[in-house]
Amino acid sequence: MSQLTAAGLVAGLVVACGPKDSAAGGPAVSGKPDKTSKPATATPTKTPDSPAKTPGTPTTPPSPKASGTAAGGTKALTCEQLRNASLDGGGLEGYGISGAALSAGRWEGADGVVIELQPQCAIGDITGDSAPDAVGALKISTGGTGKFYTLVTWRNDGGTPVPAAAAELGDRTPVVSIDFPSSGAPRQATVVYRTRGDDDPAAVVTLTRTAVYEVSEPTMVELHHSDAPYTP
């Protein structure tokens, strides 16, 4: 098959748009303990439900990890939100899908083109604005044998995923995993996917590639990678 990029194969497609779903927010839950009646004694007795408060003692707010909220107050994106996320902009313009959105993880366009959200996903701040973003992968089928994989960063725009950057991985290069490092550079994502050497046939995968990406809008830039032999 020709080694044309996915963007070239599907440029000029008729725009289609799936419905967008907004993430439902959960009800606020009070963290205060229930009040208990005081015993009828001259000296009140402390109870587990009514601890004594010391004036001037600061209250420790919940951590962003525990509450799912970033330091700036923006709720973290979820991988589930990507199933109905926009495909408009963010380096995806060349696919001819301006104004389109996934619907239940899928979009179908003209000429049999199908875009499917892959299960690999990671949540973390990769754009540097302290709001947890989402990095996922799309598989783009063009009606022939080509299955083109593309990484996408969805920026956290007030709790809504908005495409910010993308990087093409190539034809028949399935993604294995996407992760943010537990330590080290917070604005980088590690992506593991199958690929092949320059001299290998396009119909096979012979390598497992581990690549590190950062966002330089509207693209995701590979910083470095390492390869290991892969046998299906």
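Residues numbered from 1 in each chain as written. Predicted model: local features only at pLDDT ≥ 70, side-chain atom pairs only at ≥ 80, totals over all residues. Heavy atoms only, no water.

1. Points about the overall build of the protein
In terms of helices and strands, the protein carries two helices and nine strands. Traced from its N-terminal end to its C-terminal end, the protein shows the element sequence α-α-β-β-β-β-β-β-β-β-β. Evaluated residue by residue, the protein yields a buried proportion of 37% over its 232 residues. Taking all contacts inside the protein whose residues are at least 6 apart in sequence as the whole, residues at least 24 apart take part in 50%. Total accessible area on the protein stands at roughly 13000 Å², and carbon and sulfur atoms take up 53% of it. (Helix = DSSP H or I, 4+ residues; strand = E, 2+ residues; numbered from the N terminus. Buried < 20%, exposed > 50% of the residue type's maximum accessible area, 1.4 Å probe, protein only. Contact = heavy atoms within 4.5 Å. Areas by Shrake-Rupley, 256 points an atom, 1.4 Å probe, with all protein chains shown as cover.)

2. A look at the pairing of strand E3 (residues 133-141)
Counted residue by residue, E3 has nine buried out of nine residues, so it is predominantly covered. Both faces of E3 are covered, namely the face carrying Asp-133, Val-135, Ala-137, Lys-139 and Ser-141 and the face carrying Ala-134, Gly-136, Leu-138 and Ile-140. Across eight bridges, E3 lies against strand E4 (residues 147-157) in antiparallel orientation. Looking at the pairing, Ile-140 lines up with Phe-148 of E4. Where E3 folds back on E4, the antiparallel hairpin that results is connected by five residues, among which Gly-143 adopts a positive phi of roughly 100°. (Pairing = 2+ DSSP bridges.)

3. Here's the deal with unusual backbone geometry
At the junction of Glu-217 and Pro-218, the peptide bond is cis and its omega measures out at 10° in the coordinates. Tracing the backbone shows Pro-218 in the loop between strand E8 (207-216) and strand E9 (219-229). Although it is not a glycine, Ala-104 adopts a positive phi angle of roughly 55°. Summarising the element assignment, Ala-104 is placed in the loop between helix H2 (64-67) and strand E1 (106-108). By relative accessible area, Ala-104 is classed as partly exposed at 45%.

4. Observations regarding the pattern of salt bridges
All chains considered together, the criterion is met by eight salt bridges. Residue Glu-116 is joined to Arg-106 by a salt bridge in which the shortest nitrogen-to-oxygen separation is 3.3 Å. Here the residue Glu-116 occupies a position in strand E2 (residues 114-124), and Arg-106 occupies one in strand E1, the gap between them amounting to ten residues. Here Glu-116 falls in the partly exposed class, since its relative accessible area comes to 23%. With its nearest N and O atoms 3.5 Å apart, the salt bridge here joins Asp-129 to Arg-155. One end of the pair, Asp-129, is in the loop between E2 and E3; the other, Arg-155, is in strand E4, with 26 residues separating them in the sequence. Classification of Asp-129 as partly exposed rests on a relative accessible area of 36%. Its relative accessible area of 24% is what places Arg-155 among the partly exposed residues. Put simply, Arg-106, Glu-108, Glu-116 and Lys-139 are held in one network by salt bridges that share partners. (Salt bridge = Lys/Arg side-chain N within 4 Å of Asp/Glu carboxyl O.)

5. Digging into the pairing of E9
The sheet contact formed by E8 and E9 spans ten bridges and is antiparallel. Bridge pairing in E9 places Tyr-213 opposite Glu-222. Taking the residues that link successive antiparallel strands as the turn, the E8-E9 hairpin has two residues.

6. A look at the side chain of Arg-209
With respect to the secondary-structure elements, Arg-209 resides in strand E8. The class of Arg-209 is buried, set by a relative accessible area of 16%. In this structure the side chain of Arg-209 is engaged in a polar contact, spanning 2.7 Å, whose partner is the side chain of Asp-227. When sequence neighbours within four positions are dropped, the list of residues in contact with Arg-209 reads Val-191, Val-192, Tyr-193, Thr-195, His-225, Ser-226 and Asp-227. (Polar contact = N/O pair within 3.5 Å; in protein donor to acceptor, adjacent residues only side chain to side chain.)

7. A few points about the nonpolar core
With 21 residues, the main nonpolar core has Leu-87, Ile-97, Trp-107, Ile-115, Leu-138 and Trp-154 as its most contacted residues. Where this core is concerned, the elements lending two or more residues are E2, E3 and E4. Ignoring sequence-local partners within four residues, the contact set of Leu-87 consists of Leu-92, Ile-97, Ala-100, Ala-101, Leu-102, Trp-107, Ile-115, Leu-138, Trp-154 and Pro-163. Residues Ala-122, Leu-151, Val-215 and Met-220 belong to the second largest nonpolar core, which totals 19 residues. (Core = buried A, V, L, I, M, F, W, Y, C linked by side-chain atoms within 4.5 Å.)

8. Description of the environment of Ile-97
Checked against the element boundaries, Ile-97 lands in the loop between H2 and E1. Distance in space between the C-alpha atoms of Ile-97 and Trp-107 is 9.6 Å, their sequence separation being ten residues. Beyond its immediate sequence surroundings of up to four residues, Ile-97 is in contact with Leu-87, Leu-92, Trp-107 and Ile-115.

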